[in-house]
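# Geometric and topological summary
What follows is each chain in one-letter form.
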Amino acid sequence: MREGVTVAGHRLTGRTRPSEVGTWADAVSPDGRPSGVLRFDPRAAAPAQARERLVAAVGADVRLQGGGPIGLLPVIDLVAARDEVWLITARATPAVADLMAAGRLDPGGAATVLLETAQTLLAVHAAGSAHGALHAGTVVIGEDGSVLLAERGLLRALRGEHASAEQDVTAWAALAGALAENCGQGHASAALRRASAAAAHGLAAARDTLLAERDAFPGLGRERLAHAAHGFAAPAAPEPPAGAATGSSGGEAVTLLDLPDAADGPGDVMMRFGPGVPTETTAAQIWRAGQTSAAITATQTGEPAPRRRRRRTTAWAGTLLLAILIAAVILWLRQTPGAPLAVSDVDVKAPKKTVRCDGRADFVGVVTTNGEAGTIRYLWIRSDDRKPLEQEQRVSSGDMSVDLPLHWKVTGSGSFKGTATLRVLSPTTTGKPIQDRASFTYKC
(Lines give C-alpha, C1' and ligand atoms only; values in the text may rest on other atoms or scores of the structure.)
Protein backbone atom coordinates (compact mmCIF):
# COMPACT_ATOMS: atom_id res chain seq x y z
CA MET A 1 0.00 0.00 0.00
CA ARG A 2 2.90 2.33 -0.81
CA GLU A 3 2.34 5.89 -1.95
CA GLY A 4 2.49 6.19 -5.74
CA VAL A 5 1.37 2.60 -6.43
CA THR A 6 -1.49 2.46 -8.93
CA VAL A 7 -4.42 0.05 -8.91
CA ALA A 8 -6.53 0.07 -12.07
CA GLY A 9 -5.38 3.63 -12.71
CA HIS A 10 -6.08 4.86 -9.17
CA ARG A 11 -2.91 6.20 -7.57
CA LEU A 12 -2.53 5.57 -3.83
CA THR A 13 -1.72 8.58 -1.64
CA GLY A 14 -0.18 6.62 1.24
CA ARG A 15 -3.04 7.25 3.69
CA THR A 16 -4.50 3.94 4.93
CA ARG A 17 -6.82 2.55 7.58
CA PRO A 18 -7.49 -1.06 8.62
CA SER A 19 -10.71 -2.92 7.99
CA GLU A 20 -12.13 -6.29 9.03
CA VAL A 21 -11.78 -7.47 5.43
CA GLY A 22 -8.45 -5.85 4.50
CA THR A 23 -6.95 -2.38 4.26
CA TRP A 24 -8.43 0.84 2.85
CA ALA A 25 -6.23 3.37 1.08
CA ASP A 26 -7.08 6.85 -0.13
CA ALA A 27 -6.36 7.25 -3.82
CA VAL A 28 -6.69 9.62 -6.77
CA SER A 29 -8.65 8.46 -9.81
CA PRO A 30 -7.33 8.85 -13.38
CA ASP A 31 -9.38 12.04 -13.76
CA GLY A 32 -8.01 13.53 -10.52
CA ARG A 33 -10.95 12.82 -8.22
CA PRO A 34 -10.57 11.38 -4.69
CA SER A 35 -11.27 7.65 -4.59
CA GLY A 36 -10.89 4.74 -2.21
CA VAL A 37 -9.20 1.38 -2.74
CA LEU A 38 -9.83 -1.61 -0.48
CA ARG A 39 -7.22 -4.38 -0.66
CA PHE A 40 -8.83 -7.57 0.60
CA ASP A 41 -6.90 -9.84 2.96
CA PRO A 42 -5.17 -12.15 0.44
CA ARG A 43 -5.75 -15.25 2.56
CA ALA A 44 -9.47 -14.57 2.92
CA ALA A 45 -9.95 -13.73 -0.78
CA ALA A 46 -7.78 -16.56 -2.13
CA PRO A 47 -10.46 -19.31 -2.47
CA ALA A 48 -12.38 -19.18 -5.75
CA GLN A 49 -15.67 -19.49 -3.84
CA ALA A 50 -14.83 -16.42 -1.75
CA ARG A 51 -14.13 -14.39 -4.90
CA GLU A 52 -17.36 -15.62 -6.45
CA ARG A 53 -19.27 -14.43 -3.38
CA LEU A 54 -17.46 -11.08 -3.50
CA VAL A 55 -18.52 -10.62 -7.12
CA ALA A 56 -22.12 -11.39 -6.15
CA ALA A 57 -22.04 -8.94 -3.22
CA VAL A 58 -20.47 -6.12 -5.21
CA GLY A 59 -22.79 -6.81 -8.13
CA ALA A 60 -25.75 -6.51 -5.75
CA ASP A 61 -24.47 -3.08 -4.68
CA VAL A 62 -24.23 -1.99 -8.32
CA ARG A 63 -27.81 -3.18 -8.83
CA LEU A 64 -29.05 -1.39 -5.72
CA GLN A 65 -27.42 1.84 -6.86
CA GLY A 66 -28.71 1.49 -10.41
CA GLY A 67 -31.93 3.32 -9.57
CA GLY A 68 -30.12 6.24 -7.94
CA PRO A 69 -28.25 7.02 -4.70
CA ILE A 70 -29.58 5.10 -1.69
CA GLY A 71 -26.82 5.77 0.85
CA LEU A 72 -24.28 3.10 -0.11
CA LEU A 73 -20.67 4.02 -0.85
CA PRO A 74 -20.56 4.15 -4.68
CA VAL A 75 -18.68 1.25 -6.26
CA ILE A 76 -16.40 1.89 -9.24
CA ASP A 77 -14.99 -1.58 -9.86
CA LEU A 78 -13.77 -4.86 -8.42
CA VAL A 79 -10.43 -5.98 -9.85
CA ALA A 80 -7.87 -8.75 -9.41
CA ALA A 81 -4.11 -8.70 -9.95
CA ARG A 82 -2.38 -12.04 -9.47
CA ASP A 83 -3.20 -13.11 -5.90
CA GLU A 84 -4.80 -9.82 -4.83
CA VAL A 85 -8.36 -8.53 -5.06
CA TRP A 86 -9.18 -4.83 -4.82
CA LEU A 87 -12.47 -2.94 -4.48
CA ILE A 88 -12.43 0.57 -5.97
CA THR A 89 -14.99 3.07 -4.68
CA ALA A 90 -15.62 6.73 -4.17
CA ARG A 91 -13.49 8.21 -1.35
CA ALA A 92 -13.99 6.01 1.73
CA THR A 93 -12.74 8.34 4.50
CA PRO A 94 -13.32 9.47 7.09
CA ALA A 95 -15.25 6.79 8.91
CA VAL A 96 -17.51 7.72 11.80
CA ALA A 97 -14.99 5.94 14.05
CA ASP A 98 -12.32 8.42 12.87
CA LEU A 99 -14.50 11.42 13.77
CA MET A 100 -15.33 9.94 17.17
CA ALA A 101 -11.66 9.29 17.95
CA ALA A 102 -10.77 12.85 16.96
CA GLY A 103 -13.60 14.35 19.04
CA ARG A 104 -15.16 15.90 15.94
CA LEU A 105 -18.60 14.30 16.05
CA ASP A 106 -21.10 16.49 17.92
CA PRO A 107 -24.63 15.39 18.96
CA GLY A 108 -26.19 16.85 15.81
CA GLY A 109 -23.73 14.91 13.69
CA ALA A 110 -24.37 11.72 15.66
CA ALA A 111 -28.12 12.04 15.16
CA THR A 112 -27.63 12.72 11.45
CA VAL A 113 -25.47 9.59 11.15
CA LEU A 114 -28.17 7.48 12.80
CA LEU A 115 -31.05 8.96 10.81
CA GLU A 116 -29.40 8.51 7.42
CA THR A 117 -28.04 5.08 8.32
CA ALA A 118 -31.48 3.88 9.42
CA GLN A 119 -33.04 5.16 6.20
CA THR A 120 -30.39 3.44 4.07
CA LEU A 121 -30.82 0.15 5.90
CA LEU A 122 -34.60 0.32 5.45
CA ALA A 123 -34.08 0.74 1.70
CA VAL A 124 -31.51 -2.08 1.56
CA HIS A 125 -33.79 -4.41 3.55
CA ALA A 126 -36.76 -3.57 1.36
CA ALA A 127 -34.67 -4.69 -1.62
CA GLY A 128 -34.07 -8.07 0.04
CA SER A 129 -30.44 -7.42 1.06
CA ALA A 130 -28.60 -6.66 4.30
CA HIS A 131 -25.31 -5.10 5.40
CA GLY A 132 -23.91 -7.71 7.75
CA ALA A 133 -21.08 -5.70 9.36
CA LEU A 134 -22.49 -2.36 10.45
CA HIS A 135 -20.43 -0.35 12.96
CA ALA A 136 -18.66 3.01 13.24
CA GLY A 137 -15.84 1.79 11.00
CA THR A 138 -18.12 0.90 8.07
CA VAL A 139 -20.08 4.16 8.05
CA VAL A 140 -18.23 6.89 6.14
CA ILE A 141 -18.91 10.57 5.52
CA GLY A 142 -18.99 12.04 2.03
CA GLU A 143 -17.52 15.43 1.17
CA ASP A 144 -21.03 16.94 1.23
CA GLY A 145 -21.72 15.49 4.68
CA SER A 146 -23.75 12.56 3.35
CA VAL A 147 -23.66 9.38 5.41
CA LEU A 148 -22.68 6.32 3.36
CA LEU A 149 -22.51 2.64 4.26
CA ALA A 150 -19.29 0.92 3.17
CA GLU A 151 -18.35 -2.77 2.95
CA ARG A 152 -21.96 -3.93 2.58
CA GLY A 153 -21.99 -7.73 2.44
CA LEU A 154 -18.21 -8.08 2.05
CA LEU A 155 -17.33 -9.65 5.41
CA ARG A 156 -20.14 -12.17 5.14
CA ALA A 157 -19.18 -12.95 1.54
CA LEU A 158 -15.60 -13.77 2.52
CA ARG A 159 -16.79 -15.97 5.36
CA GLY A 160 -19.56 -17.64 3.39
CA GLU A 161 -22.17 -16.44 5.88
CA HIS A 162 -25.65 -14.99 5.42
CA ALA A 163 -26.38 -11.41 6.47
CA SER A 164 -29.84 -10.70 7.91
CA ALA A 165 -31.90 -7.59 8.51
CA GLU A 166 -32.26 -8.59 12.17
CA GLN A 167 -28.47 -8.51 12.60
CA ASP A 168 -28.40 -5.04 11.03
CA VAL A 169 -31.04 -3.74 13.44
CA THR A 170 -29.07 -5.07 16.41
CA ALA A 171 -25.90 -3.49 15.04
CA TRP A 172 -27.69 -0.16 14.50
CA ALA A 173 -28.88 -0.18 18.12
CA ALA A 174 -25.30 -0.85 19.25
CA LEU A 175 -24.04 2.02 17.08
CA ALA A 176 -26.65 4.32 18.62
CA GLY A 177 -25.49 3.27 22.07
CA ALA A 178 -21.85 3.96 21.19
CA LEU A 179 -22.72 7.40 19.82
CA ALA A 180 -24.74 8.16 22.95
CA GLU A 181 -21.71 7.30 25.08
CA ASN A 182 -19.54 9.46 22.83
CA CYS A 183 -21.85 12.42 23.49
CA GLY A 184 -21.39 12.12 27.26
CA GLN A 185 -24.30 13.05 29.51
CA GLY A 186 -27.25 15.29 28.79
CA HIS A 187 -30.45 15.52 26.79
CA ALA A 188 -28.85 14.51 23.48
CA SER A 189 -27.22 11.41 24.95
CA ALA A 190 -30.50 10.35 26.57
CA ALA A 191 -32.36 10.82 23.28
CA LEU A 192 -29.82 8.64 21.47
CA ARG A 193 -30.24 5.93 24.10
CA ARG A 194 -34.01 6.07 23.66
CA ALA A 195 -33.54 5.65 19.92
CA SER A 196 -31.29 2.65 20.57
CA ALA A 197 -33.99 1.08 22.73
CA ALA A 198 -36.69 1.89 20.15
CA ALA A 199 -34.81 -0.21 17.57
CA ALA A 200 -36.36 -3.23 19.28
CA HIS A 201 -39.54 -2.21 17.44
CA GLY A 202 -37.76 -1.72 14.11
CA LEU A 203 -35.59 0.87 12.41
CA ALA A 204 -38.55 2.99 11.39
CA ALA A 205 -39.59 3.33 15.04
CA ALA A 206 -36.01 4.21 16.04
CA ARG A 207 -35.78 6.80 13.26
CA ASP A 208 -39.10 8.36 14.28
CA THR A 209 -37.91 8.52 17.91
CA LEU A 210 -34.94 10.62 16.79
CA LEU A 211 -37.11 12.87 14.64
CA ALA A 212 -39.52 13.43 17.52
CA GLU A 213 -36.59 14.67 19.64
CA ARG A 214 -34.83 16.76 17.01
CA ASP A 215 -34.75 19.71 19.42
CA ALA A 216 -32.10 17.82 21.41
CA PHE A 217 -29.70 17.98 18.45
CA PRO A 218 -28.60 21.47 17.45
CA GLY A 219 -26.80 21.37 14.14
CA LEU A 220 -28.79 18.37 12.89
CA GLY A 221 -28.01 17.88 9.21
CA ARG A 222 -25.14 17.41 6.80
CA GLU A 223 -23.50 20.82 7.02
CA ARG A 224 -21.59 20.18 10.26
CA LEU A 225 -20.74 16.66 9.20
CA ALA A 226 -19.20 18.00 6.01
CA HIS A 227 -17.17 20.48 8.04
CA ALA A 228 -16.02 17.76 10.45
CA ALA A 229 -15.02 15.47 7.58
CA HIS A 230 -13.13 18.17 5.70
CA GLY A 231 -10.05 17.90 7.91
CA PHE A 232 -9.69 14.23 7.00
CA ALA A 233 -9.56 14.76 3.25
CA ALA A 234 -6.32 13.28 1.94
CA PRO A 235 -4.40 15.59 -0.42
CA ALA A 236 -3.89 14.40 -3.96
CA ALA A 237 -0.49 12.83 -4.52
CA PRO A 238 1.81 14.95 -6.73
CA GLU A 239 2.40 13.86 -10.28
CA PRO A 240 5.53 11.71 -10.49
CA PRO A 241 8.40 13.19 -12.51
CA ALA A 242 8.66 12.16 -16.12
CA GLY A 243 10.22 8.77 -16.56
CA ALA A 244 9.91 7.80 -12.91
CA ALA A 245 8.39 4.43 -12.07
CA THR A 246 5.09 4.81 -10.23
CA GLY A 247 4.69 1.21 -9.26
CA SER A 248 1.71 -1.03 -9.82
CA SER A 249 -0.50 -3.42 -7.94
CA GLY A 250 1.75 -6.34 -8.77
CA GLY A 251 0.42 -7.23 -12.23
CA GLU A 252 -2.20 -6.14 -14.73
CA ALA A 253 -5.43 -5.53 -12.86
CA VAL A 254 -8.37 -7.28 -14.50
CA THR A 255 -11.91 -6.33 -13.65
CA LEU A 256 -14.03 -9.06 -12.09
CA LEU A 257 -17.10 -7.22 -13.35
CA ASP A 258 -15.95 -7.40 -16.95
CA LEU A 259 -17.31 -6.26 -20.29
CA PRO A 260 -17.17 -8.56 -23.34
CA ASP A 261 -13.80 -8.65 -25.07
CA ALA A 262 -13.26 -9.03 -28.78
CA ALA A 263 -11.90 -12.53 -28.19
CA ASP A 264 -14.99 -13.63 -26.33
CA GLY A 265 -18.15 -14.87 -27.95
CA PRO A 266 -21.07 -12.47 -28.53
CA GLY A 267 -22.83 -11.66 -25.28
CA ASP A 268 -20.35 -13.61 -23.17
CA VAL A 269 -19.24 -12.00 -19.91
CA MET A 270 -16.66 -13.71 -17.75
CA MET A 271 -15.32 -13.20 -14.25
CA ARG A 272 -11.52 -13.45 -14.28
CA PHE A 273 -9.58 -14.50 -11.18
CA GLY A 274 -6.32 -13.54 -12.88
CA PRO A 275 -5.04 -12.66 -16.33
CA GLY A 276 -6.00 -15.33 -18.83
CA VAL A 277 -8.03 -17.50 -16.43
CA PRO A 278 -11.70 -17.06 -17.43
CA THR A 279 -14.37 -18.71 -15.28
CA GLU A 280 -18.13 -18.62 -15.90
CA THR A 281 -19.96 -16.97 -12.99
CA THR A 282 -23.04 -15.03 -12.00
CA ALA A 283 -21.18 -11.89 -13.10
CA ALA A 284 -22.49 -12.68 -16.57
CA GLN A 285 -26.04 -12.52 -15.29
CA ILE A 286 -25.28 -9.22 -13.55
CA TRP A 287 -24.03 -7.75 -16.80
CA ARG A 288 -27.00 -9.02 -18.80
CA ALA A 289 -29.25 -7.33 -16.25
CA GLY A 290 -27.50 -4.09 -17.11
CA GLN A 291 -25.92 -3.62 -13.69
CA THR A 292 -22.18 -4.10 -14.20
CA SER A 293 -19.66 -1.28 -13.97
CA ALA A 294 -17.30 -0.33 -16.77
CA ALA A 295 -14.02 -2.22 -17.03
CA ILE A 296 -11.00 -0.31 -15.74
CA THR A 297 -7.42 -1.47 -16.32
CA ALA A 298 -4.34 -0.70 -14.29
CA THR A 299 -1.63 1.81 -15.15
CA GLN A 300 1.39 -0.34 -15.90
CA THR A 301 5.06 0.54 -15.81
CA GLY A 302 7.60 -0.79 -18.27
CA GLU A 303 6.96 -2.12 -21.76
CA PRO A 304 3.31 -3.15 -22.29
CA ALA A 305 2.43 -6.61 -23.45
CA PRO A 306 1.40 -7.02 -27.12
CA ARG A 307 -2.30 -7.41 -26.26
CA ARG A 308 -2.08 -4.30 -24.12
CA ARG A 309 -0.59 -2.38 -27.04
CA ARG A 310 -3.37 -3.54 -29.37
CA ARG A 311 -5.98 -2.35 -26.86
CA ARG A 312 -4.28 1.03 -26.66
CA THR A 313 -4.30 1.47 -30.45
CA THR A 314 -8.04 0.73 -30.54
CA ALA A 315 -8.91 2.79 -27.46
CA TRP A 316 -11.19 5.22 -29.28
CA ALA A 317 -13.21 2.43 -30.90
CA GLY A 318 -13.51 0.64 -27.57
CA THR A 319 -14.57 3.83 -25.79
CA LEU A 320 -17.25 4.52 -28.39
CA LEU A 321 -18.60 0.97 -28.13
CA LEU A 322 -18.62 1.21 -24.33
CA ALA A 323 -20.53 4.51 -24.46
CA ILE A 324 -23.15 2.96 -26.75
CA LEU A 325 -23.52 -0.05 -24.44
CA ILE A 326 -23.88 2.14 -21.34
CA ALA A 327 -26.51 4.33 -23.04
CA ALA A 328 -28.46 1.21 -24.05
CA VAL A 329 -28.28 -0.14 -20.49
CA ILE A 330 -29.48 3.15 -18.99
CA LEU A 331 -32.42 3.21 -21.41
CA TRP A 332 -33.23 -0.40 -20.54
CA LEU A 333 -33.11 0.35 -16.83
CA ARG A 334 -35.48 3.27 -17.18
CA GLN A 335 -37.97 1.07 -19.00
CA THR A 336 -37.73 -1.77 -16.49
CA PRO A 337 -40.25 -1.74 -13.63
CA GLY A 338 -38.77 -1.23 -10.18
CA ALA A 339 -39.33 -3.34 -7.11
CA PRO A 340 -42.95 -3.64 -5.90
CA LEU A 341 -44.34 -1.22 -3.32
CA ALA A 342 -44.02 -2.41 0.29
CA VAL A 343 -45.16 -0.79 3.57
CA SER A 344 -42.74 -1.26 6.48
CA ASP A 345 -44.32 0.83 9.27
CA VAL A 346 -47.56 2.53 10.38
CA ASP A 347 -47.76 5.37 12.92
CA VAL A 348 -51.14 6.86 13.94
CA LYS A 349 -51.30 10.32 15.50
CA ALA A 350 -54.42 11.60 17.32
CA PRO A 351 -55.42 15.07 18.58
CA LYS A 352 -53.56 15.93 21.80
CA LYS A 353 -56.21 18.38 22.99
CA THR A 354 -59.66 17.34 24.18
CA VAL A 355 -62.32 17.63 21.49
CA ARG A 356 -65.16 19.85 22.65
CA CYS A 357 -68.91 19.93 21.86
CA ASP A 358 -69.83 18.88 18.33
CA GLY A 359 -66.17 18.87 17.41
CA ARG A 360 -64.04 16.77 15.10
CA ALA A 361 -61.07 14.54 15.89
CA ASP A 362 -58.52 14.65 13.09
CA PHE A 363 -56.30 11.58 12.90
CA VAL A 364 -53.39 11.03 10.53
CA GLY A 365 -51.77 7.71 9.79
CA VAL A 366 -48.17 8.03 8.61
CA VAL A 367 -47.26 5.06 6.43
CA THR A 368 -43.59 4.35 5.65
CA THR A 369 -42.85 2.66 2.30
CA ASN A 370 -39.82 1.60 0.26
CA GLY A 371 -40.38 4.50 -2.16
CA GLU A 372 -41.80 2.45 -5.03
CA ALA A 373 -45.04 3.16 -6.87
CA GLY A 374 -48.19 1.17 -6.20
CA THR A 375 -51.50 1.06 -4.34
CA ILE A 376 -51.99 0.75 -0.56
CA ARG A 377 -55.12 -1.08 0.67
CA TYR A 378 -56.15 -0.11 4.19
CA LEU A 379 -58.95 0.18 6.79
CA TRP A 380 -59.70 2.82 9.41
CA ILE A 381 -61.35 0.98 12.34
CA ARG A 382 -63.22 3.14 14.89
CA SER A 383 -64.08 2.09 18.44
CA ASP A 384 -67.69 3.35 18.05
CA ASP A 385 -68.43 0.14 16.08
CA ARG A 386 -68.95 1.97 12.83
CA LYS A 387 -68.43 -0.53 10.01
CA PRO A 388 -65.01 0.07 8.43
CA LEU A 389 -64.72 0.46 4.68
CA GLU A 390 -61.73 -0.80 2.75
CA GLN A 391 -59.96 2.07 1.00
CA GLU A 392 -57.10 2.48 -1.47
CA GLN A 393 -54.39 5.10 -1.84
CA ARG A 394 -52.22 5.39 -4.93
CA VAL A 395 -48.53 6.08 -4.15
CA SER A 396 -46.08 7.63 -6.58
CA SER A 397 -42.48 6.51 -6.98
CA GLY A 398 -40.15 8.34 -4.58
CA ASP A 399 -42.78 8.87 -1.86
CA MET A 400 -41.37 7.07 1.18
CA SER A 401 -43.94 8.53 3.61
CA VAL A 402 -47.70 8.69 2.93
CA ASP A 403 -50.32 10.39 5.13
CA LEU A 404 -53.73 8.68 5.42
CA PRO A 405 -56.20 10.98 7.26
CA LEU A 406 -59.33 10.17 9.27
CA HIS A 407 -61.86 12.83 10.36
CA TRP A 408 -64.11 11.68 13.24
CA LYS A 409 -67.11 13.91 13.94
CA VAL A 410 -68.62 13.68 17.45
CA THR A 411 -71.89 15.30 18.59
CA GLY A 412 -73.94 15.36 21.78
CA SER A 413 -73.26 15.90 25.47
CA GLY A 414 -71.16 13.81 27.84
CA SER A 415 -67.67 12.34 27.82
CA PHE A 416 -66.25 9.92 25.31
CA LYS A 417 -62.90 8.28 24.53
CA GLY A 418 -62.46 7.22 20.95
CA THR A 419 -59.77 4.98 19.50
CA ALA A 420 -58.97 4.71 15.80
CA THR A 421 -56.87 1.93 14.30
CA LEU A 422 -55.22 2.16 10.89
CA ARG A 423 -54.72 -1.32 9.45
CA VAL A 424 -52.70 -1.61 6.25
CA LEU A 425 -53.85 -4.75 4.47
CA SER A 426 -51.32 -4.77 1.65
CA PRO A 427 -48.65 -4.59 0.40
CA THR A 428 -46.45 -5.00 3.49
CA THR A 429 -42.86 -6.16 3.98
CA THR A 430 -44.06 -9.06 6.15
CA GLY A 431 -46.87 -10.13 3.85
CA LYS A 432 -49.31 -9.71 6.75
CA PRO A 433 -51.45 -6.68 7.74
CA ILE A 434 -49.72 -4.17 10.02
CA GLN A 435 -51.45 -1.55 12.14
CA ASP A 436 -51.21 1.17 14.78
CA ARG A 437 -53.79 2.98 16.89
CA ALA A 438 -54.31 6.18 18.86
CA SER A 439 -57.03 7.70 21.05
CA PHE A 440 -58.69 11.06 21.76
CA THR A 441 -60.97 12.42 24.48
CA TYR A 442 -64.34 14.17 23.87
CA LYS A 443 -66.10 16.31 26.50
CA CYS A 444 -69.22 18.38 26.21
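Residues numbered from 1 in each chain as written. Predicted model: local features only at pLDDT ≥ 70, side-chain atom pairs only at ≥ 80, totals over all residues. Heavy atoms only, no water.

### Side note on the sheet that holds strand β15 (residues 391-395)
The four strands are arranged β15-β14-β17-β18 in an open sheet whose pairing can be described as antiparallel. On the outer flanks of this sheet lie β15 and β18 (434-443), each paired with one strand and no other. For this sheet, the mean inter-axis angle between neighbouring strands, taken without regard to orientation, is 25 degrees. Sheet analysis places strand β17 (residues 415-426) next to β18, joined by ten bridges and oriented antiparallel. By the bridge assignment, threonine 419 is partnered in β18 with serine 439. (Pairing = 2+ DSSP bridges. Helix = DSSP H or I, 4+ residues; strand = E, 2+ residues; numbered from the N terminus. Axes fitted to C-alpha atoms, helices over the stretch in contact; angles between N-to-C directions.)

### Observations concerning the pattern of salt bridges
Within this structure, the stated rule accounts for 16 salt bridges. Note that arginine 156 and glutamate 161 form a salt bridge whose closest N and O atoms lie 2.9 Å from each other. Judged by relative accessible area, which is 39%, glutamate 161 ranks as partly exposed. Where salt bridges share partners, they join Glu116, Asp144 and Arg222 into one cluster. (Salt bridge = Lys/Arg side-chain N within 4 Å of Asp/Glu carboxyl O. Buried < 20%, exposed > 50% of the residue type's maximum accessible area, 1.4 Å probe, protein only.)

### Observations concerning the pairing of strand β5 (residues 75-81)
A regular strand places its side chains on the two faces of the sheet in alternate fashion. Taken across its seven residues, β5 has six buried, putting it largely inside the fold. With six bridges connecting them, β5 and strand β6 (residues 84-90) associate as antiparallel partners. Bridging across to β6, aspartate 77 finds its partner in isoleucine 88. What sits between β5 and β6 in their antiparallel hairpin is a turn of two residues, with arginine 82 showing a positive phi close to 55 degrees. Pairing of β5 with strand β9 (residues 254-255) involves two bridges; the strand directions are antiparallel.

### Thoughts on the state of the cysteines
Considering all chains together, one arrives at one disulfide under this definition. Linked covalently through their sulfurs, cysteine 357 and cysteine 444 form a disulfide whose S-S length is 2.0 Å. Judged by the sign of its S-S torsion, about 105 degrees, the bond between cysteine 357 and cysteine 444 is right-handed. Highlighted residues: cysteine 357 in the loop between β12 (343-349) and β13 (360-369) and cysteine 444 in the segment after β18, separated in sequence by 87 residues. (Disulfide = S-S within 2.5 Å.)

### Comments concerning the sheet that holds β12
Here we have three strands laid out as an open sheet, ordered β12-β13-β16, and antiparallel in their pairing. Edge strands, defined here as strands with exactly one partner in the open sheet, are β12 and β16 (401-409). Strand after strand, the sheet turns through a mean of 20 degrees between neighbouring axes, direction not considered. Two elements, β12 and β13, share six bridges in a ladder whose sense is antiparallel. In the sheet register, aspartate 347 faces β13, and the bridge partner there is valine 366.

### Considerations on helix α8 (residues 203-212)
Helical periodicity: at 3.6 residues per turn, an α-helix aligns residues three or four positions apart in one direction. Along α8, the positions that sit buried rather than exposed are Leu203, Ala204, Ala206, Arg207 and Leu210. Each buried residue of α8 sits inside an arc of 165 degrees when the element is viewed along its axis, so together they form one side. Looking at the buried positions of α8, the neighbouring elements they touch are α4 (107-126), α6 (165-182), α7 (187-198), β12 and β13. (Arc of directions from axis to C-beta. Contact = heavy atoms within 4.5 Å.)

### What to know about the packing of aromatic side chains
Scanning all chains against the criterion turns up six aromatic pairs. Plain terms: the ring middles of phenylalanine 416 and phenylalanine 440 are 6.1 Å apart, the flat faces sit at 65 degrees to each other, and that makes the pair edge-to-face. In this pair, phenylalanine 416 is assigned in strand β17 and phenylalanine 440 in strand β18, connecting sequence segments 24 residues apart. Among the aromatic residues, those joined into a ring-pair cluster are Phe363, Trp380, Trp408, Phe416 and Phe440. (Phe/Tyr/Trp six-rings, centres within 6.5 Å; stacked < 30°, edge-to-face > 60°.)

### A short note on the nonpolar core
Val96, Trp172, Leu179 and Leu192 are the most contacted members of the largest nonpolar core, which totals 45 residues. The element best represented in this core is α4, accounting for nine residues. The next biggest cluster of nonpolar side chains, apart from the first, holds 29 residues, and it includes Val58, Leu87, Leu148 and Ala157. (Core = buried A, V, L, I, M, F, W, Y, C linked by side-chain atoms within 4.5 Å.)

### Details of α6
Here α6 spans 25 Å end to end across 18 residues, near enough to the 26 Å set by a 1.5 Å rise per residue. Buried residues of α6: Asp168, Val169, Ala171, Trp172, Ala173, Leu175, Ala176, Leu179 and Ala180, and no others. For α6, the elements touching its buried residues are α3 (96-101), α4, β7 (139-141), α7 and α8. Phi turns positive one or two residues past the end of α6, at glycine 184, with a value near 75 degrees. (Expected span 1.5 Å × (residues − 1).)

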